[in-house]
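Listed below are the residues making up each chain.
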Amino acid sequence: MSRRSSRSSTMDQGEFILECKAAYLSMFDSIKEKIESQDSLLEALQQTGRNPSVKILKKYWTNDTDELSFDDFVDICKKEPVTTSDDLMKAFRKIDINGDGYISLEELHKILTSKGEKKSKSEVKKMIDEVDENKDGRLDYKEFCQMVMSTTEESKKMQRKMMERKEKKKRQDIERRGDISGSQVSVRSAASSVKNDLPRPSPRVKKDKSRQGSVSRAHKLDEPKNLREWTHTKSKGSFFMEDGSLICHQYDFNLPDDSKIWITIQPQKGSRGMDSSPVDTSVFILRDRPDEDGNLLVAFTEHRDSRGKYGVSCDLSAGKYYIMPYTTGCRFKSRKSESGKEAKLVSQDKGGKYVITKSFRKVLEDIFDYSDLDGNGFMSRKEFNLFNIRTSGEEVADEEWQVVEDRIDLEDGEITKAGFLQLNELEAEDSEGDTEDLWTTLVSMGYNKQLVMDQACPFQLDVYTEDCDDAELDVVRVDSYPTYPGDLSFDDIISKSFIKHGEISRVKGMKDLCMYTYTNDGWATLVLDNKSHTRVRVELDCSRSENVTSNHDSLQRTLRVDPGSTVVSFLPLN
């Protein structure tokens with residue numbers, strides 16, 4: 001019996017077809033779709049455990065080949081044998097001159113870059129770095145072959161499970177999540193500006209079913225049962241939208257002892273401003289230095305309760321961490337213009353003295369409550385300093401704090417709510433009714449000309465520790481996100497987390513552009529990951545989605561994706 005026919009003869013024909021189908025559907029949405037390039041043919045064959053040479057590929061993908069069908073693919077699989085462990089071992093033994101089961105990686109590098117179908121030095125270096133775990137310069141190729149074969153079999157099992165799951169979904173006709181995963185994407189390179197005219201109505205993205213993302217998250221927020229026994233630390237904070245950029249309070253978290261922690265964040269409605277639907281909130285827990293894999297992220301909140309509170313539980317080692325609040329920004333819309341009558345902030349009493357109006361007073365009371373970060377009913381100098389940084393961009397100097405102490409009564413060195421109102425009345429009087437500076441404060445705190453909070457969202461942050469009684473949660477800034485150790489931006493960190501937890505889709509015709517779909521209990525995010533070295537223009541059409549709003553102005557828009565990642569988020573309207 002020839003080796004070429006042994007695979008199909010020892011496997012039931014129906015089982016063989018199913019294996020081919022599972023591999024095919026790991027790349028395509030349907031077996032009706034065509035293989036449109038030699039690279040795609042290679043990848044599809046590799047999904048079945050075959051590793052054809054360039055010579056074999058050219059045999060089936062000639063200069064006259066435009067596409068191959070699923071039936072063509074099955075015929076090729078019948079003719080070409082699966083790469084076996086014996087095949088791999090035979091190839092390695094040719095290099096292993098003394099027969100000790102090891103190969104010098106230097107020799108392997110030389111062979112792969114100089115003989116046969118040559119690989120580039122960078123490709124070989126990456127390959128060697130992955131297999132040389134103990135850095136001894138040798139490859140235990142017997143163990144390596146076992147690992148390759150084991151990985152291949154596990155991949156086939158995963159392909160089969162994903163195929164069965166997909167076919168079950170089709171039978172049940174389950175609606176796609178907000179139709180986001182069915183969004184149409186067309187791409188063109190900024191360098192060439194040649195549009196990728198793929199035929200409609202075929203989807204323009206291909207789900208990679210070989211990657212299992214934790215996408216479906218039907219989960220309630222389960223807080224620890226003995227939470228009352230844990231040590232509780234809390235703080236308030238706010239998100240602000242300024243010129244399209246997100247600004248928020250940010251925290252250092254010092255944990256003297258190893259402990260399990262429970263952390264939650266919940267939006268607090270502005271007294272008059274935010275709509276009835278809660279703003280989505282989340283918390284990212286970051287290390288103060290990258291781990292051995294270069295990662296800063298420890299965990300982030302994904303699940304929420306019916307009131308909009310998000311939470312996460314995890315075990316932390318003693319050390320310093322960053323607590324970073326996050327919102328997609330879907331509820332925040334840029335203020336293009338303001339219509340309506342401007343609210344009155346100041347009036348004159350019968351004696352001609354300038355006083356603040358009742359409506360302005362109510363807003364100032366709310367601002368005081370939001371700025372009282374520890375919730376003790378007073379505003380400390382540190383809290384007043386953070387408020388001043390937000391509203392004027394400057395810290396409170398000693399002489400300025402002295403003025404505060406001289407003009408209003410403090411309680412234990414902190415500003416009372418009455419004192420805060422008094423400060424604003426004094427400012428109105430000093431400016432003889434000119435409200436420009438007062439409006440600067442209001443706009444900085446997220447209010448519009450009708451005293452409606454539409455560019456800010458206050459939140460409550462609670463941290464519980466089970467095994468540590470003296471953990472410290474410290475508000476360190478109210479600003480845009482900084483650059484973190486390892487020159488990582490916060491956008492980089494959230495993109496990587498959504499890529500890790502999301503489901504990958506491949507954009508046809510763009511091998512260096514992938515789209516990841518991540519969903520949790522409250523919102524969905526698309527991450528467009530551009531691995532090329534040039535800017536790519538992406539036409540993203542989510543206009544078929546219903547009952548959603550986005551952190552971009554429109555559900556149908558053209559995005560310019562620089563090398564790196566771009567995040568687009570969606571939130572239910574109600």
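It should be emphasised that the depicted structure is a prediction, and the values quoted were computed from it without experimental measurement. (Residues numbered from 1 in each chain as written. Predicted model: local features only at pLDDT ≥ 70, side-chain atom pairs only at ≥ 80, totals over all residues. Heavy atoms only, no water.)

**So, empty space enclosed by the protein**
And then number 1: What the rule picks out here adds up to one cavity of 30 Å³ or more.
And then number 2: By volume, the largest cavity is sized at about 90 Å³.
And then number 3: Lining the largest cavity are Ser-238, Phe-240, His-249, Tyr-370, Ser-371, Leu-373, Glu-383, Leu-386, Phe-387, Arg-390, Met-445 and Val-478.
And then number 4: Every element with two or more residues in the lining of the largest cavity is listed here: β5 (231–242), α10 (358–371) and α11 (381–392).
And then number 5: In terms of residues, the lining of the largest cavity owes the most to one element, α11, which gives four residues. (1 Å grid on protein atoms, 1.4 Å probe; cavity = no way out; pocket = protein on both sides within 12 Å on 5 of 7 lines; lining within 4 Å. Points joined across faces, edges and corners; volume = space filled by probe spheres on them. Helix = DSSP H or I, 4+ residues; strand = E, 2+ residues; numbered from the N terminus.)

**Some details on the pattern of salt bridges**
And then number 1: Enumeration according to the criterion identifies 16 salt bridges in this entry.
And then number 2: As a salt-bridge pair, Asp-291 and Arg-287 come within 3.7 Å of each other at their nearest N and O atoms.
And then number 3: You can call Asp-291 partly exposed: its relative accessible area is 26%.
And then number 4: Close ionic contact of Asp-430 with Arg-407 constitutes a salt bridge, the shortest N to O distance being 2.9 Å. Remark: Arg-407 occurs in helix α12 (residues 398–407) and Asp-430 occurs in helix α13 (residues 417–430); sequence separation between them is 23 residues. (Salt bridge = Lys/Arg side-chain N within 4 Å of Asp/Glu carboxyl O. Buried < 20%, exposed > 50% of the residue type's maximum accessible area, 1.4 Å probe, protein only.)

**Focus on helix α5 (residues 70–79)**
And then number 1: All of the buried residues along α5 are Phe-70, Phe-73, Val-74, Ile-76 and Cys-77. Seen along its axis, α5 keeps its buried residues to an arc of 160°; they face one direction.
And then number 2: Elements in contact with the buried residues of α5: α2 (13–25), α3 (38–47) and α4 (54–60). (Arc of directions from axis to C-beta. Contact = heavy atoms within 4.5 Å.)

**A short note on the environment of Trp-61**
And then number 1: Its place among the elements puts Trp-61 in the loop between α4 and α5.
And then number 2: For Trp-61, a relative accessible area of 12% puts it in the buried group.
And then number 3: If sequence neighbours within four positions are ignored, Trp-61 has contacts with Ile-35, Glu-36, Ser-37, Gln-38, Leu-41, Asp-66, Glu-67 and Leu-68.

**Considerations on the confidence of the model for the protein**
And then number 1: Here the protein shows a mean pLDDT of 81. Residues at 70 or above account for 81%.
And then number 2: Considering only residues more than four positions removed or in separate chains, one finds that residues 271–275, a stretch of pLDDT under 50, has 14 contacts. (pLDDT = per-residue confidence, 0-100.)

**Quick look at the packing of aromatic side chains**
And then number 1: Under the counting rule described, the total for this entry stands at 23 aromatic pairs.
And then number 2: Ring geometry for Phe-284 against Phe-300: centres 4.9 Å apart, planes inclined by 5°, an arrangement best described as stacked. Placement of Phe-284 in strand β8 (residues 282–287) and of Phe-300 in strand β9 (residues 297–300) is noted, with a sequence separation of 16 residues between them. The burial state of Phe-284 is the same as that of Phe-300; both residues are buried.
And then number 3: Ring geometry for Tyr-326 against Phe-498: centres 6.4 Å apart, planes inclined by 55°, an arrangement best described as tilted. Here the residue Tyr-326 occupies a position in strand β12 (residues 319–326), and Phe-498 occupies one in helix α15 (residues 490–501), the gap between them amounting to 172 residues.
And then number 4: The exposure class of Tyr-326 is buried, given its relative accessible area of 6%.
And then number 5: Taken together, the ring pairs in this structure connect Phe-284, Phe-300, Tyr-322, Tyr-326, Tyr-481, Tyr-484, Phe-490, Phe-498, Tyr-518 and Trp-523 into an aromatic cluster. (Phe/Tyr/Trp six-rings, centres within 6.5 Å; stacked < 30°, edge-to-face > 60°.)

**Details of α11**
And then number 1: With 12 residues, α11 extends 15 Å between its outermost C-alpha atoms, agreeing within 8% with the 16 Å of an ideal straight helix rising 1.5 Å per residue.
And then number 2: Along α11, the residues classified as buried are Glu-383, Phe-384, Asn-385, Leu-386, Phe-387, Asn-388, Arg-390 and Thr-391.
And then number 3: Just past α11, the residue Gly-393 takes up positive phi, approximately 80°. (Expected span 1.5 Å × (residues − 1).)

**Here's the deal with the environment of Thr-440**
And then number 1: Position of Thr-440 relative to the elements: it lies in helix α14 (residues 436–444).
And then number 2: When the C-alpha positions of Thr-440 and Thr-391 are compared, they lie 6.9 Å apart, and in sequence the two are 49 residues distant.

**Structural notes on the pairing of strand β21 (residues 524–530)**
And then number 1: In terms of burial, β21 is a largely internal element, seven of the seven residues being buried.
And then number 2: Burial along β21 is two-sided: the face carrying Ala-524, Leu-526, Leu-528 and Asn-530 and the face carrying Thr-525, Val-527 and Asp-529 are both buried.
And then number 3: Two strands pair when backbone bridges link them, and strand β20 (residues 513–519) and β21 are joined in this way by seven bridges, in the antiparallel orientation. Within β21, the position partnered with Tyr-518 by the bridge is Thr-525.
And then number 4: Following β20, the chain reverses through four residues before pairing antiparallel with β21.
And then number 5: One ladder, built from seven bridges, connects β21 with strand β25 (residues 564–572); its direction is antiparallel. Bridging across to β25, Asn-530 finds its partner in Gly-564. (Pairing = 2+ DSSP bridges.)

**Points about the packing of α3 against α5**
And then number 1: Running from amino to carboxyl end, α3 crosses α5 at an angle of 55°, the nearest separation of the two axes being 11 Å. Judged on the interaxial angle alone, α5 and α3 are oblique. Crossing hand, α3 versus α5: right-handed. Each of Leu-41, Ala-44 and Leu-45 in α3 lies in contact with α5, whose residues at this interface are Phe-73, Ile-76 and Cys-77. (Axes fitted to C-alpha atoms, helices over the stretch in contact; angles between N-to-C directions. Parallel < 35°, antiparallel > 145°, perpendicular 65-115°, else oblique. Left-handed = near helix turned anticlockwise from the far one by under 90°.)

**Details of the environment of Glu-107**
And then number 1: Here Glu-107 lies in helix α7 (residues 105–114).
And then number 2: With a relative accessible area of 35%, Glu-107 lands in the partly exposed category.
And then number 3: Distance in space between the C-alpha atoms of Glu-107 and Asp-96 is 9.8 Å, their sequence separation being 11 residues.

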